[in-house]
Amino acid sequence: MKYMKYDTSFSLRISPAPTIPVPYGVRSAGRYRLWKNFHQPVRKKLNFLELFWVVSGQFIIRQEHGENITLNAKEVGFLLQGDTHEYWTTEETDVCWLTIDGSNCSRLAADYRLSHKPFTAGRCPVEKFARLKAEVADFSVAGQYAALSTALNIIHMALSGVCIDKNISYLVNRFKQLAQQRYRDRDCGVGTLAEELHIHRATLHRVFSETSGISPSEFIADLRLQEALRMLCKGSTIAQTALACGYANANYMSKVIRKKTGFSPGEYRNMTSSRLQFFPESNLEN
């Protein structure tokens, strides 16, 4: 029994390909309640995109190059075209899923910047998956268009985190804390910090921008700029400053400083005697 699903509900499009004039369409959708230690054996490489959204339990998928990705409740993961199709459970698991195929399905993954990184998306919208399942079963032109609209809406919900129920202030404050600790590292970026927070970068962008009034990338850029101006005021060289503040190179830092202040780094450093402060909220004397 451990290899059997104990409750399945899904719809599969009756045609091997979409019949509406769009580059991709919804192939199937459903909801599985799986036994502990259920295992779906390896199938051939996918010719479609698949999204899994875990309602409860723990769901493990094998992705490209054989990596195992563990999804817990309220988390989302993707299998992309070319991946092998294998998954299993370590406990009783409830998971909703959908698949999208078509002549240009890979474009969808590129447009949404989908990757193999799992992320927290919040409460699974099981009602939308139920509607999608009904729409997939309706093979009319209207049904296919409706299914595609619902599927894209589900993907958008997952990526934007509209279902997320984490404490928003915690996410924002934790991002600020991590950014302040690591902005000197040139590899520090929104994507890196979003992975550490275990949310999608689009979710981080939305909640941070709505709360703070600026984007996460702008926040990191401001940290670097303020530190660069402080170091220049203390007489650091342009090269030393760029390296210490996480800029890719001195030329890029110079362009940023000139754009923000109207002066080159050298000009700004030489004008410290007049105590010009373009960022009064930061203490450039310290």
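Whatever comes next refers back to the structure up there.
Residues numbered from 1 in each chain as written. Predicted model: local features only at pLDDT ≥ 70, side-chain atom pairs only at ≥ 80, totals over all residues. Heavy atoms only, no water.

Asker: Teacher, can you tell me more about the side chain of Thr93 here?
Answerer: Residue position: Thr93 is located in strand β9 (residues 93-101). For Thr93, the side chain forms a polar contact with the main-chain oxygen of Gln58, separated by 2.9 Å. A distance of 2.8 Å separates the side chain of Thr93 from the backbone oxygen of Glu91, its partner in a polar contact. (Helix = DSSP H or I, 4+ residues; strand = E, 2+ residues; numbered from the N terminus. Polar contact = N/O pair within 3.5 Å; in protein donor to acceptor, adjacent residues only side chain to side chain.)

Asker: Sorry if this is basic, but what is going on with helix α5 (residues 190-197) here?
Answerer: Listing the buried residues of α5 in full gives Val190, Gly191, Leu193, Ala194 and Leu197. Buried residues along α5 cover an arc of 165° about the axis, so they all sit on one side. Structurally, α5 contributes buried residues whose contacts are with α4 (168-182), α6 (201-212) and α7 (216-233). (Buried < 20%, exposed > 50% of the residue type's maximum accessible area, 1.4 Å probe, protein only. Arc of directions from axis to C-beta. Contact = heavy atoms within 4.5 Å.)

Asker: Mind showing me how you'd approach the sheet that holds strand β3 (residues 39-43) here?
Answerer: Pairing between sheet strands relies on hydrogen bonds along the backbone, with the strands arranged either parallel or antiparallel. Overall, antiparallel pairing links the four strands, which are arranged β3-β8-β5-β6 in an open sheet. Strands at the two margins of the open sheet, each flanked by one partner only, are β3 and β6 (68-72). On average, adjacent strands in this sheet sit at an angle of 20° to one another, irrespective of strand direction. Where strand β5 (residues 58-62) and β6 come together, five bridges link them in antiparallel fashion. Across the sheet, Gln58 pairs through a bridge with Asn72, a residue of β6. (Pairing = 2+ DSSP bridges. Axes fitted to C-alpha atoms, helices over the stretch in contact; angles between N-to-C directions.)

Asker: Looking at this structure, I do not really get unusual backbone geometry. What am I missing?
Answerer: Peptide bonds are, in most cases, trans, and in most cases residues other than glycine have a negative phi. With phi around 70°, Asn37 is a residue other than glycine that occupies positive phi space. Summarising the element assignment, Asn37 is placed in the loop between β2 (25-34) and β3. Of note, the phi angle at His198 is positive, near 60°, even though the residue is not glycine. Using a relative accessible area of 27% as the deciding quantity, one classes His198 as partly exposed.

This is a description of form; function is not addressed.
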